[in-house]
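Single-letter residue listing:
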Amino acid sequence: MIVVMKPDATDEQIRHVLQRIEELGLKSHPIRGQYLTVVAVIGDEPEPVKQALATAEGVEKVLPVLSPYKLASREAQADRTVVRARSLEVGGAKIGVIAGPCSVETRDQIMQTAEAVREAGATALRGGAFKPRTSPYSFQGLKTKGLELLAEARERTGLAIVTEVLAPEHVPILAEFADVLQVGARNMQNFPLLEAVGESGLPVLLKRGPAATIEEFLLAAEYILKTGNTQVMLCERGIRTFEDHVRFTLPLASVPWLQEHTHLPVVVDPSHGTGRASLVTAMARAAIAAGADGLMVEVHPDPEHAWSDGFQSITPAQFRQLMHECRAIAQTLGRIL
Ligand code: PEP
Ligand code: MN
């Protein structure tokens, strides 16, 4: 890291900073300029060291050089991580497509959707059994019954199951049925949950919190990686802005940015990212064009009667068309969908 001294820092204050750096077990390299002195600190950059130096008298600011997300960063791993779970592969040449209803509702609904999305080329089935709903009076999910139906759909179609986990104590039951644990946007900074999904050893789809910066998003991923679980996918699902023509604003520049700065695969969710069925296909195309490694799309056989998120769910026929259009874009980019 770099310690920038104030222009009027005294020699005594500079000497003190150099001494503190030595005490902290690091090496210092002061550079005295015409107007101010900066000190290059050589060694690890833990937060307590940064804070200790930032509070010393005469210090203007401390600038970290290394990423705070050590395990998620490209510095830590040059090769891209490929996440694999049965039929799903995300992060390699193949683009993974996770499709299905917002919530598992009935056997007919989930079987019909599973077969339709598999036929259209989806590589995993999504469906919430434990649902995070804004209102406690809304449908909360079929819970264990929903997990059993998802397992039955996997049996029938061979599709990997991606489903959300709401609480650390639910991880064992989810791990019995799911192939990928989804951590929802509202839980992105539920740190005990991040540790629990990490420790499960299962692949994780981590959704970006609607008010989280990219750095906070990556530090959340870091909690999972720190447990030794390397199978983490990042999911851009839109953020809250002043805009109200869409449910959330989908910032697609985060796709190439994340790929520049991390080795983790990036999935885009154009369903929650727009909140309108009519916008989903266009934003799915844009996500593939931006280089996304995967898509997560809400598909329902009868959106009008869906128990949750019907307004943003597309029909199986619309999904087939989405896949057709996205495949053409993927091909142009040398990727397989
Ligand atoms: C979902 O995938 O149905 C969901 C609740 O998503 P998010 O956490 O992104 O709101
Ligand atoms: Mn939903």
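One can find the structure itself at the top, above this paragraph.
The structure reproduced in this document is the subject of the present report.

Conventions and cut-offs
Residues numbered from 1 in each chain as written. Chains lettered and ligands numbered in written order. Predicted model: local features only at pLDDT ≥ 70, side-chain atom pairs only at ≥ 80, totals over all residues. Heavy atoms only, no water. Helix = DSSP H or I, 4+ residues; strand = E, 2+ residues; numbered from the N terminus. Buried < 20%, exposed > 50% of the residue type's maximum accessible area, 1.4 Å probe, protein only. Contact = heavy atoms within 4.5 Å. Areas by Shrake-Rupley, 256 points an atom, 1.4 Å probe, with all protein chains shown as cover. Lys, Arg positive; Asp, Glu negative; His and termini not counted. Charge placed at Lys NZ, Arg CZ, Asp CG, Glu CD. Axes fitted to C-alpha atoms, helices over the stretch in contact; angles between N-to-C directions. Parallel < 35°, antiparallel > 145°, perpendicular 65-115°, else oblique. Left-handed = near helix turned anticlockwise from the far one by under 90°. Salt bridge = Lys/Arg side-chain N within 4 Å of Asp/Glu carboxyl O. Core = buried A, V, L, I, M, F, W, Y, C linked by side-chain atoms within 4.5 Å. Donors = N, O, S within 2.8 Å, 3.2 Å for Na, K, Ca; no water. Near = heavy atom within 4 Å. Polar contact = N/O pair within 3.5 Å; in protein donor to acceptor, adjacent residues only side chain to side chain. Nonpolar A, V, L, I, M, F, W, Y, C, P; charged D, E, K, R; others polar.

1. Quick look at the overall build of the protein
For the protein, the helix and strand inventory stands at 11 helices and 14 strands. For the C-alpha atoms alone, the extent of the protein along its principal axes is close to 75 × 45 × 35 Å. The buried share of the protein, reckoned over its 337 residues, is 53%. Restricting to contacts in the protein with at least 6 residues of sequence separation, those with at least 24 account for 68%. About 15,100 Å² of surface is accessible on the protein, with carbon and sulfur atoms providing 52% of the total. Charge separation in the protein, taken as the distance between the mean sites of 34 positive and 40 negative side-chain charges, equals 3 Å.

2. Some details on the packing of helix α3 (residues 107-120) against helix α11 (residues 316-332)
Interhelical geometry of α3 versus α11 gives an angle of 20 degrees and a closest axis separation of 9 Å. Considering the angle they form, α3 stands roughly parallel to α11. Considering how the two elements wind past one another, α3 and α11 form a crossing that is right-handed. Here A116, V117 and A120 of α3 come into contact with α11, specifically with P316, F319, R320, M323 and R327.

3. What to know about the pattern of salt bridges
Applying the stated criterion across every chain yields a total of 13 salt bridges. With a closest N to O distance of 2.7 Å, K207 and D269 form a salt bridge. Pair noted here: K207 is in strand β11 (residues 204-207) and D269 is in the loop between β13 (266-268) and α9 (270-274), with a separation of 62 residues, a long-range link. Of the charged contacts in the structure, one is a salt bridge between D293 and R335, with a shortest N-O distance of 2.8 Å. Residue D293 is located in the loop between α10 (277-289) and β14 (294-298), and its partner R335 is located in the segment after α11; the two are separated by 42 residues in the primary sequence. Each member of the pair, D293 as well as R335, is classed as buried.

4. Considering the nonpolar core
In a soluble, globular protein the nonpolar side chains are often hidden away together inside. The biggest cluster of nonpolar side chains holds 69 residues, and the ones touching the most others in it are L125, V197, L206, L295, F319 and L322. In terms of residues, this core owes the most to one element, helix α7 (residues 214-225), which gives 7 residues. Discounting chain neighbours no more than four positions away, the residues touching V197 are V165, V171, L181, V183, L202, V204, I224 and N229.

5. Looking at the coordination of the manganese ion (ligand 2)
Taken together, the protein donors to the manganese ion (ligand 2) comprise C102 (SG), H272 (NE2), E298 (OE) and D309 (OD), at separations of 2.0 to 2.4 Å. The sequence motif formed by the donor residues of the manganese ion (ligand 2) is C-x169-H-x25-E-x10-D. Placement of the pair is C102 in the loop between β7 (96-100) and α3 and H272 in helix α9, with a sequence separation of 170 residues. By relative accessible area, which is 3% here, C102 ends up buried. According to the relative accessible area criterion, H272 is buried, its value standing at 9%.

6. A word on the environment of V97
Topologically, V97 is positioned in strand β7. Each C-alpha atom of the pair V97 and A124 lies 6.3 Å from the other, and the pair is 27 residues apart in sequence. Setting aside chain neighbours within four positions, we find V97 in contact with L88, A122, T123, A124, L295, F319, M323 and L337.

7. Things to note about the site of ligand 1
Around ligand 1 sit 13 residues in total, of which R126, A185, R186, K207 and R237 are the nearest. One of the side-chain nitrogen or oxygen atoms of R186 is found 2.8 Å away from an oxygen atom of ligand 1. Coverage of ligand 1 by the protein chains reaches 97% of its 300 Å² of free accessible surface. For the shell around ligand 1, a count of residues per class yields 3 nonpolar, 3 polar and 7 charged.

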